[in-house]
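# Chains, contacts and geometry: an overview
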Amino acid sequence: MDFLEGDRARLEPSGPSKRPPSPEEWYVTSQGDFWPSSHRERPGIQLPFQGEFDWAGFHWLVPGVFSTAKALVVDFCRQVEPEDVRAFVEKWLLTPENDREELFTKEEHRRMAAENPLEFSFHPAAVVNGREYPYKRGSGSYYNCCVNWNSQEPEGKLLGEHYGLNPEKVWSLWRFVFPWGRRKEVEILSLRLKADPLPLPGSVFQVRGPGDRVELAHPKTGEKSILTVKSLQAIHHRELPRIEGWELPSRLWELVYTLEPEQEGFSLQDTVDNDPLRPNPLPGNGAGVGPTAASIGIIGGADGPVSLYVREKALPLCHTAFSALHFQPAEQVTWLPVFQERPCPEQLVPLEKKE
């Protein structure tokens, strides 16, 4: 995922890989793709509902609402100011060669995600004639007029042209699907919008052992919490899956701590990634050669280790965090505290019915 694609990568197209769209095609189905590769489902009927509103510090358009036999389908367009994108590019010195996550550290990636104006994740629900239907799937695209090194997605450009979006702005584009069992006659339509929590990285720290105390400040509010180390030990993870021909790292640090006062959604992450898998020596052949490629997610997935919550007999609540996995235990772990903040209140947006 490139940074200047923003949050569109969180929504995967529900169908198989799409062919490049044709400007003449406009075929809306309950699968959620902008240009579906299959036309086995009858196309949706566009309904006379539209919307324009401000939410979460952005201007939004809902230019298309469609009724299919299986679901209501709604298109969302979020307008982003080009100067905000340019300021982000300049601050992080992004270029055509380095606009990729893997070229930045985990700590840098967390901070960039928190500052990126193209990063925004939300959960909409459609309120049809007073009854609420949550979204089940969707897909995303984008139009970015600020940079020319990312090849613009043809569907993003075509969507902008189809809906008459301002080509001098940056646009995040979504199509959400709200299944309803059978087609409804839509008389009144509103959208309930709820922003997902935004991870906010704090200041990194290291600890030596039980009794260490670290003062942590919330990056936005400045509210202070005290982290107290209860235990810190190097352990051997013995429950990893087996992969023939590969050796997995299994050494890590376990940190048990308390946080006073508690912070909802707080977690600790190692600032480094797991060691990559390495080939196992073949029997009777020195170093040997294992398989040529493998990929596996270990403890916490792409974002690294997570915090677990363990209730001891006495308060306060104890939390357990794990470092990255290594073949040899790391001499020291640098921990990144990650707070959570919901960027805006929930909002109910009525859509206007055009006669």
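Residues numbered from 1 in each chain as written. Predicted model: local features only at pLDDT ≥ 70, side-chain atom pairs only at ≥ 80, totals over all residues. Heavy atoms only, no water.

Secondary structure assignment for the protein chain yields 3 helices and 21 strands. Taken across its 355 residues, the protein chain has 47% of its residues classed as buried. Put simply, 72% of the contacts in the protein chain that link residues at least 6 apart link residues at least 24 apart. When the accessible surface of the protein chain is summed, it comes to about 18700 Å², and 50% of that surface belongs to carbon and sulfur atoms. (Helix = DSSP H or I, 4+ residues; strand = E, 2+ residues; numbered from the N terminus. Buried < 20%, exposed > 50% of the residue type's maximum accessible area, 1.4 Å probe, protein only. Contact = heavy atoms within 4.5 Å. Areas by Shrake-Rupley, 256 points an atom, 1.4 Å probe, with all protein chains shown as cover.)

Next up on the list: the pairing of strand 12 (residues 224-236). With 5 bridges connecting them, strand 11 (residues 213-217) and strand 12 associate as antiparallel partners. Of the residues in strand 12, the one forming a bridge with Ala217 is Lys224. The turn linking strand 11 back onto strand 12 is made up of 6 residues, and Gly222 within it adopts a positive phi angle of 80°. Looking at chain direction, strand 12 and strand 14 (residues 251-260) are connected through 10 bridges and run antiparallel. For Ile235, the partnering residue across the bridge sits in strand 14 and is Leu252. (Pairing = 2+ DSSP bridges.)

With that settled, the discussion passes to the packing of aromatic side chains. Throughout the structure, instances matching the rule amount to 19 aromatic pairs. Plain terms: the ring middles of Trp60 and Trp174 are 5.7 Å apart, the flat faces sit at 15° to each other, and that makes the pair stacked. With Trp60 in strand 3 (residues 58-67) and Trp174 in strand 8 (residues 170-179), this pair connects stretches of sequence that are 114 residues apart. In terms of burial, Trp60 and Trp174 fall into one category: buried. When the centroid spacing of 5.2 Å and the interplanar angle of 70° are considered together, the rings of Phe266 and Phe339 count as edge-to-face. Taken as a pair, Phe266 in the loop between strand 14 and strand 15 (267-270) and Phe339 in strand 19 (residues 335-341) lie far apart in primary sequence, 73 residues in all. Using a relative accessible area of 4% as the deciding quantity, one classes Phe266 as buried. (Phe/Tyr/Trp six-rings, centres within 6.5 Å; stacked < 30°, edge-to-face > 60°.)

It is worth spelling out the nonpolar core at this point. With 40 residues, the main nonpolar core has Trp55, Trp60, Val65, Leu72, Phe76, Phe122 and Leu189 as its most contacted residues. Among the elements of the structure, strand 2 (49-55), strand 3, strand 4 (71-80), helix 1 (82-91), strand 5 (122-128), strand 8 and strand 9 (189-195) are those that each provide at least two residues to this core. Leave out the neighbours within four places in its chain, and Phe122 touches Trp55, Trp60, Phe76, Trp174, Phe176, Leu193, Lys194, Ala195 and Asp196. (Core = buried A, V, L, I, M, F, W, Y, C linked by side-chain atoms within 4.5 Å.)

Following the sequence through the fold, Glu41 ends up in the segment before strand 1 (45-46). Here Glu41 sits buried without a salt bridge, and the closest side chain of opposite charge, Lys70, lies 4.9 Å off (N-O distance). Every residue in contact with Glu41, bar those within four places of it in the chain, is listed here: Tyr27, Thr29, Ser30, Gln31 and Thr68. (Lys, Arg positive; Asp, Glu negative; His and termini not counted. Salt bridge = Lys/Arg side-chain N within 4 Å of Asp/Glu carboxyl O.)

With that settled, the discussion passes to the pattern of salt bridges. Per the counting criterion, the structure on display carries 13 salt bridges. Its salt-bridge partner being Asp75, residue Arg175 comes within 2.7 Å of it at the nearest N-O pair. Taken together, the residues span a long stretch of sequence, with Arg175 in strand 8 and Asp75 in strand 4 at a distance of 100 residues. Look at Asp75 and you get buried, because its relative accessible area is 1%. Lys220 serves as the salt-bridge partner of Glu341, at 3.2 Å between the closest nitrogen and oxygen. Pair noted here: Glu341 is in strand 19 and Lys220 is in the loop between strand 11 and strand 12, with a separation of 121 residues, a long-range link. Sharing partners across several salt bridges, the network here consists of Glu132, Arg192 and Glu346.

Here the focus is the sheet that holds strand 6 (residues 131-134). Spatially, the 4 strands line up as an open sheet ordered 6-5-9-20, and their pairing is antiparallel. At either end of the open sheet lies a strand with only one pairing partner, and these are strand 6 and strand 20 (347-350). Mean inter-strand twist for the sheet, computed between neighbouring axes without regard to direction, equals 25°. Direction of pairing for strand 9 relative to strand 20: antiparallel, over a ladder of 4 bridges. (Axes fitted to C-alpha atoms, helices over the stretch in contact; angles between N-to-C directions.)

Before going further, it helps to examine the environment of Ser121. Residue position: Ser121 is located in the loop between helix 2 (106-115) and strand 5. Given the relative accessible area of 22%, Ser121 is considered partly exposed. Distance from Ser121 to Pro197, taken between C-alpha atoms, is 8.2 Å for residues 76 residues apart in sequence. A distance of 2.5 Å separates polar atoms of two side chains, one belonging to Ser121 and the other to Asp196. (Polar contact = N/O pair within 3.5 Å; in protein donor to acceptor, adjacent residues only side chain to side chain.)

The next thing to look at is unusual backbone geometry. When glycine is set aside, most residues are seen to have a negative phi, and most peptide bonds are trans. Here the residue pair Glu260 and Pro261 is connected by a cis peptide bond, since its omega of -10° sits within 30 degrees of zero. Its identity is not glycine, yet Ala56 carries a phi of approximately 60°, on the positive side. Turning to its location among the elements, Ala56 is positioned in the loop between strand 2 and strand 3. By relative accessible area, Ala56 is classed as partly exposed at 23%. Phi is positive for Leu93, close to 55°, though the residue is something other than glycine. Among the structural elements, Leu93 can be located in the loop between helix 1 and helix 2.

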